[in-house]
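Understanding the architecture of this molecule
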Amino acid sequence: MFPEDFIRSLPGILTEEETGRLIEALWEEAPAAVRFNPYKLSAPPEGRQVPWCRYGFYTGERPAFTLDPLHHAGVYYVQEPSSMFVEHIVRELFPEPEGLRILDLCAAPGGKTTLLSTLAGLEGLVVANETVSHRASVLAENVRRWGLGNVAVTANDPAHFSAVRDLFDIVLVDAPCSGEGMFRKNPEARRQWSLPNVEMCAVRQRKIVADAWSSLKPGGVLIYSTCTFNRTENEENAVWTAGNFDCSPVEVDCPPEWGITTVRTPAGQGEEITTYRFYPHRTEGEGFCVTVLRKSPGKARTSVKPLKKSPIREVHGKEKRGLSGWVTQPGFMRFGAVGDDMYGYYAAAFDDIVRLSGGLNVIYAGVAMGRIMKERLRPEHSLALFHDLNTSDIPACEVDLETALDYLRRKDIPADGFAEGYNLVTYGGHGLGWVKKIGARVNNLLPKELRIMNL
């Protein structure tokens, strides 16, 4: 059952008839969708396209994604379709989004982060932040799997971003919320819901927005979203933001056939703030609400207050030449070391990553390439998933589905087809990870924490 206070709150948002339809929809199974990686898949998958996202497709019944090697190869990401609306917002406001600097402040598990990294392109940078350590680890793993190399994952309190001034073109605050839009997907959200929790969430959301505001460039865009229905966490917080910061509301086009509900709320000085609401009985997706505000223009003073010296040491000479051969376009990259670990970074974002790593807790950035042992690179798993891995000089072996799943279970696999030394395991032409053949034996180098259980 749904909380009584929640049901009583809905007539203030929807008509009585629509309230009944929403409750019915919240008992139905949520639609499944995936978003493919255009850097790894040239043609879209089968299925109906999610109308507000060129890379999103409905899958019908929910497949067993865990048993699909292409999912583990980062060819696609399983993402709730309503949240893909972020792509439409970005493309509407930034017709050429390549090169953007974007902060995804509440980023785990990584659906919006990987979408934004696709839009920002290889000259862009997405800083994906998560405060909870185990969720930050999941976020970093999904970033590695996506394999674009243009993301820096941080594990900081949002307040730490007040030291980052005027850097980002877009700040996305997908705020922790009371989760009403996820009731059919997450029974725990129903049990935890209460009116006091709604108020608590609203206060926390305002603080998160305030903490991030100084990091947004003059003229930059705040995208504020929740997966909840109530006005307290949505319209009221948007009005609060407009009243406390120098900004103006932004509207984006929504064709009527999409079924998105637009709500306009007075915000003073004759302005109205538009929120875009996704109701499961109207749109094919979960509950979602989003507002867009633009920071007033002005002179940017881009800076990062350093807390420490950056741990990144740029490498040159022999080390650089040794790393360059592992990527197809080394001229677009710079290489660095964090301790003994080697990384590749796209040159356009390298300086920003170095500055951020001195002021924030950067737990992963660029692409982890491995360690140099006896003047040869021992490749890191992340490098196998990198979209620009140079496979022309690397031994690779294409495997069938059964062998691919055995590899992902970290089992022994047959040595046939593998060359002596390090080999890339591929399925459908996409890298899954590394093995090392020593004589007649093949050592499975998939990280233990990534293995799938026997299903």
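Now for a look at the structure at hand. (Residues numbered from 1 in each chain as written. Predicted model: local features only at pLDDT ≥ 70, side-chain atom pairs only at ≥ 80, totals over all residues. Heavy atoms only, no water.)

Mapped onto the elements of the fold, Gly298 is located in the loop between strand 13 (288-295) and strand 14 (303-304). For Gly298, a relative accessible area of 53% puts it in the exposed group. When the C-alpha positions of Gly298 and Leu424 are compared, they lie 50 Å apart, and in sequence the two are 126 residues distant. (Helix = DSSP H or I, 4+ residues; strand = E, 2+ residues; numbered from the N terminus. Buried < 20%, exposed > 50% of the residue type's maximum accessible area, 1.4 Å probe, protein only.)

It is worth spelling out the side chain of Arg277 at this point. Note on placement: Arg277 falls in strand 12 (residues 272-278). Beyond its immediate stretch of four places on either side in the chain, Arg277 contacts Ile13, Phe229, Asn230, Arg231, Asn234, Glu235, Ile260, Thr261, Val263, Phe288 and Cys289. (Contact = heavy atoms within 4.5 Å.)

Our next topic: the environment of Phe245. Locating Phe245 in the fold gives a position in the loop between helix 9 (235-244) and strand 10 (247-249). For the pair Phe245 and Cys53, spaced 192 residues apart in sequence, the C-alpha to C-alpha distance is 30 Å. Setting aside residues no more than four positions away along its own chain, Phe245 makes contact with Ala210, Trp213 and Trp240.

Here we take up the pairing of strand 13. Burial analysis of strand 13 places seven of its eight residues in the buried class, the great majority of the element. Strand direction decides the pairing type here: strand 9 (residues 216-226) and strand 13, joined by six bridges, are antiparallel. The residue bridging Val221 from the neighbouring strand is Arg294, located in strand 13. Two strands pair when backbone bridges link them, and strand 10 and strand 13 are joined in this way by three bridges, in the antiparallel orientation. (Pairing = 2+ DSSP bridges.)

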